[in-house]
Amino acid sequence: MNPQQVEFLGVCGHLMSVPASLSGTGVSCPSCHQVTRAPMPFVPGGPPARSGSAVGLTALYIVSLLVGLGTAAVIYVVKFNDLSEDQLVGYTPLWFFPVVFGLYGFVSQRLVRALAEGRAGTLSEAARLYTRVGGLFAVLTMFPFLVLRWRSSLLVSLTAALFWAGLLWFFFAAVFPEL
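Residues numbered from 1 in each chain as written. Predicted model: local features only at pLDDT ≥ 70, side-chain atom pairs only at ≥ 80, totals over all residues. Heavy atoms only, no water.

### With respect to the nonpolar core
Taken as a class, soluble globular proteins show a tendency for nonpolar side chains to be buried jointly. Rules: Remark: nonpolar core denotes a set of buried residues (Ala, Val, Leu, Ile, Met, Phe, Trp, Tyr, Cys) joined through side-chain atoms within 4.5 Å. We call a residue buried when its accessible area falls under 20% of the maximum for its residue type, exposed when it is over 50%, and partly exposed in between, using a 1.4 Å probe and counting protein chains only. Only DSSP runs of H or I reaching four residues or more are called helices, and only runs of E reaching two or more are called strands; each is numbered from the N terminus. Here, two residues are considered to be in contact whenever any of their heavy atoms come within 4.5 Å of each other.
By size, the foremost hydrophobic cluster in this structure holds eight residues: Val6, Phe8, Cys12, Met16, Val18, Val27, Cys29 and Ala38. For this core, the elements supplying multiple residues, two or more each, are strand E1 (5-9) and strand E2 (15-19). Contacts of Ala38, omitting those with residues within four sequence positions, involve Phe8, Val18, Leu22, Ser23, Gly24, Thr25 and Val27. Val107, Ala114, Leu115 and Leu123 belong to the second largest nonpolar core, which has seven residues in total.

As structure tokens, this is what we get:
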């Protein structure tokens, strides 16, 4: 990153870079076109600047993940014996999509942050950081971030949810059509 540039996450989670002279002013995101206030330049040794909207997206991803996991727990632990097989299949999207949306959004935000903090120079390097911790499962959570090279966590999480919706539909329609 150029020392006269300030990097930060826009409203949609897109990594933005602007001249330091624009610090404190509203900057339009090239991805979602919403205005985000550019933070003050990064101080070496300190944490990178994060906009309030990036914190809001992180909260959205965590809440989505927790709601999905909580819903799955209620369905499969509390209500399992009271539900028919058809009902269990029908309720799958109620927990599955919040989990996918939250997980992919959270992971893609971490990858963008690794780039912004300088812990990784490329998306591949950022991915390697997380695969060391999460193993092969971590690679699965990086689609479509690495394939499409998007830097918007919101776009990644929505695309991943649509991708997994297609796979879930295929599974129930082609593999187990009797369900």
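Having put the structure on the table, let's press on.
### So, the side chain of Ser64
Secondary-structure assignment places Ser64 in helix H1 (residues 52-78). Setting aside residues up to four positions removed in sequence, Ser64 forms contacts with Pro98, Val99, Phe101 and Gly102.

### Section: the confidence of the model for the protein
Filter applied, for reference: Each residue gets a pLDDT score, which is the predictor's confidence in that residue and runs from 0 to 100.
Overall, the prediction assigns the protein a mean pLDDT of 79, with 80% of residues at 70 or greater. Here helix H5 (residues 145-148) is the element of the protein with the lowest mean pLDDT, 60, and H1 is the one with the highest, 90. Segment residues 44-49: pLDDT under 50, and seven contacts once partners within four positions in sequence are set aside and those in other chains are kept.

### So, the packing of helix H2 (residues 85-116) against helix H6 (residues 153-175)
The criterion, for reference: To obtain each axis, a line is fitted to C-alpha atoms, and for helices this fit is confined to the stretch in contact; angles are then taken between N-to-C directions over 0 to 180 degrees. In this scheme the crossing of two helices becomes right-handed for a clockwise turn of the near helix relative to the far one and left-handed for an anticlockwise turn of less than a right angle. Think of it as three bins: nonpolar holds Ala, Val, Leu, Ile, Met, Phe, Trp, Tyr, Cys and Pro, charged holds Asp, Glu, Lys and Arg, and polar takes everything else, Gly as well.
Where H2 meets H6, the axes come as close as 8 Å, and the angle between the chain directions of the two elements is 145°. Along this stretch, H2 crosses H6, giving a crossing that reads as right-handed. Residues Val89, Thr92, Phe96, Phe97, Val100, Phe101, Tyr104, Gly105, Ser108 and Gln109 of H2 touch H6, and the partners they reach there are Ser153, Leu154, Val156, Ser157, Leu158, Ala160, Ala161, Trp164, Ala165, Leu168 and Phe172. Looking at the contact of H2 with H6, its residues break down into 15 nonpolar, six polar and no charged.

### Notes on the packing of aromatic side chains
Counted only if it meets this: Between the rings of Phe, Tyr and Trp (Trp by its six-membered ring), a pair exists once the centres lie within 6.5 Å; its type follows the angle of the planes, with under 30 degrees stacked, over 60 edge-to-face, and the other angles tilted. Geometrically, a charge over a ring is one whose NZ (Lys) or CZ (Arg) sits within 6 Å of the ring centre while staying within 35 degrees of the ring normal.
With the rule as written, the count across this model stands at eight aromatic pairs. The interplanar angle of 80° and the centroid separation of 5.5 Å between the aromatic rings of Phe96 and Phe97 together place this pair among those described as edge-to-face. Residue classification places Phe96 among the buried residues on the basis of a relative accessible area of 16%. Look at Phe97 and you get partly exposed, because its relative accessible area is 23%. Considering the side-chain rings of Phe171 and Phe172, the 5.2 Å spacing of their centres and the 65° angle between planes classify their relative orientation as edge-to-face. Judged by its relative accessible area of 35%, Phe171 is partly exposed. Through successive ring pairs, a cluster of aromatic residues spans Tyr76, Phe80, Trp95, Phe96, Phe97, Phe163 and Trp164. The ring centre of Phe106 lies 3.8 Å from the NZ or CZ of Arg110, which sits over that ring.

### Considerations on the pairing of E1
Spelled out, the test is: Any two strands with at least two DSSP bridges between them are considered paired.
For E1 and E2, the ladder comprises five bridges, and the chain directions are antiparallel. From the neighbouring strand, Phe8 faces E2, where its bridge partner is Met16. The hairpin turn running from E1 into E2, its antiparallel successor, is five residues long, and Gly13 in that turn takes a positive phi close to 95°.

### A few points about H2
Quick note on the threshold: In this analysis, the expected span of each helix is defined as 1.5 Å times one less than the number of residues it contains. Bend is the name given here to the angle between axes fitted to two runs of seven residues, the run ending at a residue and the run starting at it.
In a regular helix each residue adds 1.5 Å, so 32 residues correspond to 46 Å; H2 covers 46 Å between its end C-alpha atoms and thus fits that length. Its maximal kink placed at Tyr91, H2 deviates by approximately 30°, while the proline Pro93 follows within four residues. Gly118 sits one or two residues past H2 and shows a positive phi near 85°.

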